[in-house]
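These are the residues of each chain, in order.
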Amino acid sequence: MEKKQKLICDRCKVEMVDKEVQFSYLGKSFRHKVKRCPECGQVYISEELVKGRMSQVEKMLEDK
Amino acid sequence: MKLLVKTRSICPVCQKPVEAEYVEKDGKVFIRKTCRDHGSWEAYIACCVKDYTDWTAHSVVNVRPEKTITKGTDDRCPLDCGICDKHLQTACCVLMEVTKRCNQHCPYCFAKSEKDAALEPGLDEIGRKYDLLLELGEEERPFNIHLSGGEPTVREDLPEIIEMGQKKGFVYIQINTNGRRLALDNEYAGVLKEAGASVIYLQFDGTDDRIYQTLRGEPLLNIKVKAIENCKKARIPVILVPTIAKNVNLHNIGSMMEFLLDNLSVVKGIHFQPVSFFGRYPEKVYQNGKKWTDFENRVTLFDVMREVEKQTGSKFKYEDFRPSSIGHTLCSFHGSYINQNDGTVKPLINDKNYDSKACCCNTTPPDIMKKTRDYVLNKWNLPEQENYSACCDGNTSESHGSTCCCESQTMDFDQFINEMKSNMFTVTGMAFQDRSNLDAERLKRCRVQVLSPDNRLIPFCAYNSLYRK
């Protein structure tokens, strides 16, 4: 069974919650659900997202 | 007459290296050179001196090849190609000619291909050539491979050749073809896709059979349309590759652009190639005293970019285009676009975001090469699902009505990726040099190289002007 662990904001010591946020790059914007601290607004972006879809979008938009 | 830049070239007759210069004359730009024994040449470079000076002022970097094969001498370029130790730019794409045979006999053919069989490398030899290219390329990202000929699809083992390249680690393999076999054999596009071909690089000279009659010796438009249809069924992306000759199809550019936009579900770009006078061509230059004329059908990159704007009613603009950030500014242009629902197109890179965010500063040479080689890999592909459509383009500056597909008026990553793959396309061009307009400074920076039968890497223009046997 998958083990669900809580993510705690180190600054505020509170549990981070799912929140849809907006990313912008080269004039384009995208939304995605990530973990966000309800107190300070810090977000956690997983390695999977960075190396996966985020990187794919970056490569598609960039020039040579 | 005003001198713009000094360079070096060769005599088109004896091939001896000579001094050359770019000059302005009547507002236009020409490259001039003189051979003591054979007279002087003047080849047309740009229709307007401002276009030339602005374009060549773009900043460019060069990434030297890690390994070289021959020893060069500055004033002998391009007589020591191999790639030589004086070469300034590693290859982005390497052409491997897998046959000299062709199922057409075009009046214009840079490779001078014939229908008759000739010796061609066997699978084992091709395997060794792939290994050599892995060794010569950068470890981080191997060269892009362009399988060419002759007509590569006349080889029954082409799928094996593609598969072998993929297995050895070449992530991008494009197939240069006239499309005849793709049109006549409905299953063939699927076979190439299954083997691992990345893109079909399709000879496509226009939307009128009179053009094909002149350039290819027969009407071929139906063949091209059928080949594209079969590629669509097999879901393999197509790039249209027109050879542009001034009095043959320069006027047809607008219609080609319309064809591109009508077929974006499978055609991901158009790559214009102004005609080069090497290999087989039915045109001649004439001598008037000691002075030689230029070819009547000469077209430049500047002509093509200007005609794209003019013939599309400024839907596409000259300002949308940029030279590559590596190599030499006079060799190519490119623009990336998104087709929008309102019938307009939007350039991905424009003046607003070009200099600050899309340049290659702060990246290492291997990163620059990876990014350049990945450009086609990332821009020329199709969405996972067929007929994908979304109602907006992820641009937050535009407002969407209540019928918008995205609740928050902004797409999520998956929607955006699919939308881009469906509606993104490129408009690019590459000007090859022949003996008349050859500039050694451009050759030294060449990033499209041919693996010769004797396993040397030779700049494409030097190979076709001087080395092809």
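Residues numbered from 1 in each chain as written. Chains lettered and ligands numbered in written order. Predicted model: local features only at pLDDT ≥ 70, side-chain atom pairs only at ≥ 80, totals over all residues.

Description of the overall build of chain A
A count of helical and extended segments in chain A gives one helix and three strands. Starting at the N terminus and walking to the C terminus, you meet the elements of chain A as β-β-β-α. For a compact globule of 64 residues, the expected C-alpha radius of gyration is about 11 Å, and chain A comes in at 14 Å, more than 25% above that figure. With the C-alpha coordinates of chain A rotated into their principal frame, the extents come out at 45 × 30 × 15 Å. Counting contacts in chain A only where the partners sit at least 6 residues apart, residues at least 24 apart contribute 34% of the total. (Helix = DSSP H or I, 4+ residues; strand = E, 2+ residues; numbered from the N terminus. Rg over C-alpha atoms; globule rule 2.2 N^0.38 Å. Contact = placed C-beta atoms within 7 Å.)

Looking at the overall build of chain B
From N to C terminus, chain B includes 15 helices and 18 strands. Radius of gyration (C-alpha) of chain B: 22 Å, near the 23 Å computed for a compact globule of 469 residues. Principal-axis analysis of the C-alpha atoms gives chain B an extent of 75 × 50 × 50 Å. Here the contacts in chain B between residues at least 6 apart in sequence split such that 69% fall between residues at least 24 apart.

Section: the interface of chain B and chain A
Opposite the 27 residues of chain B that make contact, chain A presents 18 residues. Elements with a contribution of two residues or more to the side of chain B that touches chain A: helix 11 (351-357), helix 12 (365-379) and helix 13 (413-423) of chain B. Of all the elements, helix 12 of chain B adds the most residues to the side of chain B that touches chain A, at six residues. Broken down by class, the residue content of the side of chain B that touches chain A amounts to 10 nonpolar, 11 polar and six charged. (Nonpolar A, V, L, I, M, F, W, Y, C, P; charged D, E, K, R; others polar.)

Regarding the nonpolar core
Counting residues in each nonpolar core, the largest one holds 128 residues, and the members touching the most others are Ile45(B), Val94(B), Ile200(B), Leu202(B), Cys231(B), Val238(B) and Leu240(B). If we skip the residues at most four places from it in the chain, Cys231(B) touches Leu182(B), Ala189(B), Ile200(B), Ile236(B), Val238(B) and Val266(B). (Core = buried A, V, L, I, M, F, W, Y, C linked by C-beta atoms within 7 Å. Buried ≥ 20, exposed ≤ 12 C-beta atoms within 10 Å, placed from the backbone.)

Topic: the pairing of strand 9 (residues 238-241) of chain B
Residues and elements named next belong to chain B. Every second residue of strand 9 is oriented toward a common face, with Val 238 and Leu 240 on one face and Ile 239 and Val 241 on the other, all of them buried. One ladder, built from three bridges, connects strand 9 with strand 11 (residues 267-274); its direction is parallel. The residue of strand 11 that forms the bridge with Leu 240 is Ile 270. (Pairing = 2+ DSSP bridges.)

Some remarks on the environment of Val448(B)
Position of Val448(B) among the secondary structure elements: in strand 17 (residues 448-451). Separated by 10 residues in sequence, Val448(B) and Ile458(B) place their C-alpha atoms 8.6 Å apart.

Points about the sheet that holds strand 3 (residues 43-44) of chain A
All names here are of chain A. Read from one edge to the other, the open sheet built from three strands follows the order 1-2-3, with strand pairing classed as antiparallel. Sheet topology places strand 1 (17-25) and strand 3 at the edges, where each strand pairs with a single neighbour. Across nine bridges, strand 1 lies against strand 2 (residues 28-36) in antiparallel orientation. Counterpart to Asp 18 in the pairing with strand 2 is Lys 35.

Here we look at the packing of helix 5 (residues 188-195) of chain B against helix 7 (residues 221-234) of chain B
All names here are of chain B. In the contact formed by helix 5 and helix 7, the axes pass within 8 Å of each other and the chain directions differ by 50°. Taken together, the axes of helix 5 and helix 7 are oblique relative to one another. Helix 7 is crossed by helix 5, and the crossing has right-handed handedness. Touching Ala 189, Gly 190 and Lys 193 of helix 5 are Asn 230, Cys 231, Lys 233 and Ala 234, all from helix 7. (Axes fitted to C-alpha atoms, helices over the stretch in contact; angles between N-to-C directions. Parallel < 35°, antiparallel > 145°, perpendicular 65-115°, else oblique. Left-handed = near helix turned anticlockwise from the far one by under 90°.)

Re the pairing of strand 2 (residues 17-25) of chain B
All names here are of chain B. For strand 1 (residues 2-10) and strand 2, the ladder comprises eight bridges, and the chain directions are antiparallel. Of the residues in strand 2, the one forming a bridge with Ile 10 is Pro 17. In this structure, the hairpin formed by strand 1 and strand 2 is closed by a connection of six residues, where Gln 15 is found at a positive phi of approximately 65°. The pairing of strand 2 with strand 3 (residues 28-35) spans six bridges and is classified as antiparallel. Paired with Tyr 22 across the two strands is Ile 31, which belongs to strand 3.

A look at the confidence of the model for chain B
With 92% of its residues at a pLDDT of 70 or more, chain B shows a mean pLDDT of 91. In the predicted structure, residues 391-408 of chain B sits below a pLDDT of 50 and forms 30 contacts with residues beyond four places in sequence or in another chain. (pLDDT = per-residue confidence, 0-100.)

Quick notes on the packing of helix 9 (residues 253-262) of chain B against helix 10 (residues 301-311) of chain B
All names here are of chain B. Interaxial distance between helix 9 and helix 10 falls to 8 Å at its minimum, and their mutual angle equals 70°. When the axis of helix 9 is compared with that of helix 10, the two are roughly perpendicular. Along the contact surface, helix 9 presents Ile 253, Gly 254 and Met 257, while helix 10 presents Val 304, Glu 307, Val 308 and Gln 311. Per-class residue counts for the contact of helix 9 with helix 10 are four nonpolar, two polar and one charged.

Examining helix 3 (residues 158-168) of chain B
Residues and elements named next belong to chain B. Among the residues of helix 3, Leu 158, Ile 161, Ile 162 and Gly 165 are the ones counted as buried. Looking straight down helix 3, one finds its buried side chains confined to an arc of 95°; they lie on one side. Residues of helix 3 that are buried in the fold lie against helix 2 (123-136), strand 6 (144-148), strand 7 (173-177) and helix 5. Phi turns positive, to about 115°, at Gly 169, one or two residues after helix 3. (Arc of directions from axis to C-beta.)

Concerning helix 6 (residues 209-216) of chain B
Residues and elements named next belong to chain B. If you check which residues of helix 6 are buried, you get Ile 211, Tyr 212, Leu 215 and Arg 216. For helix 6, the angular spread of the buried residues around the axis is 95°, confining them to a single face. Among the structural elements, helix 7, strand 10 (243-244) and helix 8 (246-249) are those in contact with the buried residues of helix 6. Positive backbone phi, at 80°, marks Gly 217, one or two positions downstream of helix 6.

Observations regarding the environment of Asp74(B)
Checked against the element boundaries, Asp74(B) lands in the loop between helix 1 (49-56) and strand 5 (93-97). Measuring from C-alpha to C-alpha, the distance between Asp74(B) and Tyr130(B) comes to 30 Å, with 56 residues separating the pair along the chain.

Quick look at unusual backbone geometry
Residues and elements named next belong to chain B. With an omega dihedral of 15°, the bond running from Cys 77 to Pro 78 counts as a cis peptide bond. Looking at the element boundaries, Pro 78 is found in the loop between helix 1 and strand 5. Positive phi is not limited to glycine here, since Asp 26 has a value of about 55°. Mapped onto the secondary structure, Asp 26 falls in the loop between strand 2 and strand 3. For Asp 26, a count of 7 C-beta atoms within 10 Å translates into the label exposed. Although it is not a glycine, Ser 314 adopts a positive phi angle of roughly 65°. Of note, Ser 314 is situated in the loop between helix 10 and strand 14 (332-339). Note on Ser 314: 10 C-beta atoms within 10 Å, which makes it exposed.

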